[in-house]
Amino acid sequence: MTERGTLGVAVIGTGRMGADHVRRINDVISGARVAAVVDIDADRVKAIADGVDACTPYTDPAAAMAAADVGAVLIASPGPAHEAALLTAFERGLPVLCEKPLTPDAASALRVLRAEEKLGRRLVQVGFMRRYDAEYLKLKALLDDGRLGRTLMLHNRHRNASVPPYFTNANLINDSVVHEMDVTRWLLDQEITAVTVLRPARSSNAPEGLDDPQFVIFETDGGALVDVEINVTCGFGYQVQAEAVCENGTARIGEAHGMLVNSAGHWGGSIAPDFVERFEDAYDREVQAWVDATRRGEVTGPSCWDGYAAAAVCEAGVLAQAEGGRRVEVRLVERPALYR
Ligand code: ISE
């Protein structure tokens, strides 16, 4: 933290999300500045640092975290690099906002959780940004106030116009459905206990090696049934919708009715092209909440427990997917006191 109390952030990873967070911290939110940027691509990281006032480029995350003007870390590097960066941040006592996934598998997520538990205090907020989306927040408040009774089912639709060529069936679960895993756990305040994956006929839009769309079913420890249509080659835009079916009513979000235009015998609006645009406000709110909490000396938002639980559900999901239609149970360790 500087004398003026502005939080100096090191942004690790300057790919699409990292670069967007640099812009966000610089131009959109308050109370923080980008003091360091880190990327293994030295030219890229220098170019980004050159565009930011008093920002130092690094190729080594540990060197950036040792800098005197760095008071917190935002990790947006690829998932396999997260564990090392998180453990270094723990050694330095630095608060972290870690983009999802916390780490790519349950065993490494549990190692991170145990390391944080050893510190005896939380340092990590995991970047499950849908928890900061205005519509999801309204749905959460409605379900929590109990007016509609218990939630019995949750229907989700998660559609991407397209995905990068490297996207595999496992990515469908680990990169995309992981968001529904987190919102299910958060909205219902329940753990997911089993996953089943079914596949309809393969879309002719799906690239070689990707079975798209798929239909994923979660069971929860509160007896709810949750389904997810994951459909990442729909072509027409980015859509995330959810409908809670409760004892005394239903509630639906994600229709995204912004402006409606009547023209030339048609009415309608537009669909966001991708998640960066659809969830722009949620990302802004998420990073602002992290900066505000950090400046107060607090850690809020999704925890290492949430990151670990999501990783364990992902593992069950990938297995369920590979075993076509088999129901796979999720096994979690006992929830430590730090996360209750
Ligand atoms: C991407 O990685 C995300 O996190 C998006 O929110 C998700 O909708 C998309 O399917 C993923 O590929």
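Just so it is clear, the model here is predicted, and its values are computed rather than measured.

About the thresholds
Residues numbered from 1 in each chain as written. Predicted model: local features only at pLDDT ≥ 70, side-chain atom pairs only at ≥ 80, totals over all residues. Heavy atoms only, no water. Near = heavy atom within 4 Å. Polar contact = N/O pair within 3.5 Å; in protein donor to acceptor, adjacent residues only side chain to side chain. Helix = DSSP H or I, 4+ residues; strand = E, 2+ residues; numbered from the N terminus. Core = buried A, V, L, I, M, F, W, Y, C linked by side-chain atoms within 4.5 Å. Buried < 20%, exposed > 50% of the residue type's maximum accessible area, 1.4 Å probe, protein only. Domains from an automatic or database assignment. Contact = heavy atoms within 4.5 Å. pLDDT = per-residue confidence, 0-100. Salt bridge = Lys/Arg side-chain N within 4 Å of Asp/Glu carboxyl O.

## Thoughts on the site of the ligand
Then, number 1: The local shell around the ligand consists of Lys100, Met129, His158, Asn160, Phe167, Asp175, Ser176, His179, Tyr238 and Phe275.
Then, number 2: His158 has a polar side-chain atom sitting 2.6 Å from an oxygen atom of the ligand.
Then, number 3: Measuring from an oxygen atom of the ligand, one finds a side-chain N or O atom of His179 at 2.9 Å.

## A closer look at unusual backbone geometry
Then, number 1: Look at the link from Lys100 to Pro101: it is a cis peptide, with omega at 0 degrees.
Then, number 2: Within the element layout of this structure, Pro101 appears in the loop between strand 5 (96-99) and helix 5 (106-119).
Then, number 3: Cis peptide bonds are those with omega within 30 degrees of zero, and the linkage from Asp212 to Pro213 qualifies with 0 degrees.
Then, number 4: Here the phi dihedral of Ala54 falls at roughly 50 degrees; this positive angle occurs in a residue that is not glycine.

## Some thoughts on the nonpolar core
Then, number 1: The biggest cluster of nonpolar side chains holds 85 residues, and the ones touching the most others in it are Leu102, Val124, Tyr136, Leu187, Val195, Val216 and Phe218.
Then, number 2: Per-element tally for this core: the top contributor is helix 10 (residues 304-322), with 11 residues.
Then, number 3: Domain assignment of the residues forming this core places at least three in each of domain 1 (7-130 + 281-303) and domain 2 (141-275 + 310-339).
Then, number 4: With residues near it in sequence (within four places) discarded, Phe218 still touches Val177, Glu180, Met181, Thr184, Ile192, Ala194, Val195, Ala224, Leu225, Val226 and Val228.
Then, number 5: In this structure, Val22, Val45, Ala49 and Val291 belong to the second largest nonpolar core, which totals 21 residues.

## Observations concerning the confidence of the model for the protein
Then, number 1: Here the protein averages 97 in pLDDT, while 99% of its residues score no lower than 70.
Then, number 2: When pLDDT is averaged over each helix and strand of the protein, the minimum, 94, is found for strand 14 (residues 266-268) and the maximum, 99, for strand 10 (residues 225-231).

## Quick word on the pattern of salt bridges
Then, number 1: A complete count under the given rule lists 30 salt bridges for this structure.
Then, number 2: The residue Arg130 makes a salt bridge to Glu180 at a minimum N-O spacing of 2.9 Å. With Arg130 in the loop between strand 6 (124-127) and helix 6 (134-145) and Glu180 in helix 7 (residues 169-188), this residue pair connects regions lying 50 residues apart in the sequence.
Then, number 3: A salt bridge links Arg131 to Asp182; its shortest N-O distance comes to 2.7 Å. Of this pair, Arg131 sits in the loop between strand 6 and helix 6 while Asp182 is found in helix 7, placing the two residues 51 residues apart along the sequence.
Then, number 4: Asp182 gets classed as buried once you look at its relative accessible area, which sits at 2%.
Then, number 5: Among the charged side chains, a network of salt bridges with common partners joins Arg131, Asp182, Arg185, Glu191, Asp306 and Arg335.

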